[in-house]
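Observations on the model geometry
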Amino acid sequence: MAMDEGATAPPRPDPDDVIFVEPPNCVRCGSRFRVYPTVYDRWVSLSLAELPAKDVPPHFRWRLVNVASPYAPVVIDVFAVRVRGIEPLLGEPVIPTHQMLCAGERAKQQSAEKSPDSDSNG
Ligand SMILES: [Zn+2]
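Residues numbered from 1 in each chain as written. Predicted model: local features only at pLDDT ≥ 70, side-chain atom pairs only at ≥ 80, totals over all residues.

**Looking at the overall build of the protein chain**
Helix and strand counts for the protein chain stand at two helices and six strands. The secondary structure elements of the protein chain, listed N-terminal to C-terminal, are β-β-β-β-β-β-α-α. Evaluated residue by residue, the protein chain yields a buried proportion of 11% over its 122 residues. (Helix = DSSP H or I, 4+ residues; strand = E, 2+ residues; numbered from the N terminus. Buried ≥ 20, exposed ≤ 12 C-beta atoms within 10 Å, placed from the backbone.)

**A look at the sheet that holds strand E4 (residues 61-68)**
On the basis of which strands lie adjacent, the open sheet formed by four strands has the order E3-E6-E4-E5 and antiparallel pairing. Every interior strand has two partners, whereas the edge strands, strand E3 (51-52) and strand E5 (75-82), have only one. One ladder, built from two bridges, connects E3 with strand E6 (residues 93-96); its direction is antiparallel. For Leu51, the partnering residue across the bridge sits in E6 and is Val94. (Pairing = 2+ DSSP bridges.)

**Focus on the pairing of E4**
As defined by bridge partners, E4 adjoins E6 across two bridges and the pair is classed as antiparallel. Its bridge partner lying in E6, Trp62 is registered against Ile95. Relative to E5, E4 runs antiparallel, the two sharing seven bridges. Pairing of Leu64 across the sheet is with Ala80, part of E5. Taken together, E4 and the strand that follows it, E5, pair antiparallel across an intervening segment of six residues.

**Some words on the nonpolar core**
Among the nonpolar cores identified, the biggest contains seven residues, and these are Phe33, Leu46, Val56, Trp62, Ala80, Val94 and Ile95. If we skip the residues at most four places from it in the chain, Ile95 touches Leu46, Ser47, Glu50, Trp62, Arg63 and Leu64. (Core = buried A, V, L, I, M, F, W, Y, C linked by C-beta atoms within 7 Å. Contact = placed C-beta atoms within 7 Å.)

**Overview of the environment of Pro52**
Relative to the assigned elements, Pro52 resides in strand E3. A count of 13 C-beta atoms within 10 Å places Pro52 in the partly exposed class. In this structure, the C-alpha to C-alpha distance between Pro52 and Leu90, residues 38 residues apart in sequence, is 6.4 Å. Every residue in contact with Pro52, bar those within four places of it in the chain, is listed here: Leu90, Gly91, Glu92 and Pro93.

Set out below in structure tokens:
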């Protein structure tokens, strides 16, 4: 019987588990990104790396805000907030959305501009 072989499937991430889960990979371009909650109950996919503000269009600039416990110096939550209002310094690090960097997203936008009839592959 196969029962003696034991369970060989990898353990599934439990939603109640608080262990670190590997960042997801983008289905379009395959690169990794992080998903953070925003202050308005939406989620945003951010790049793993920061870039200087001069390299990121204002619309795509984000920053992480640590929420600390009022009773102890521990970070209990992290929110992503859009960088807006005061313009950051050119060299100030910001976190671009993955959307800005995603090659697949860019290709989709370019192909959307073309007519679907132009595809004569067959
Ligand atoms: Zn992508």
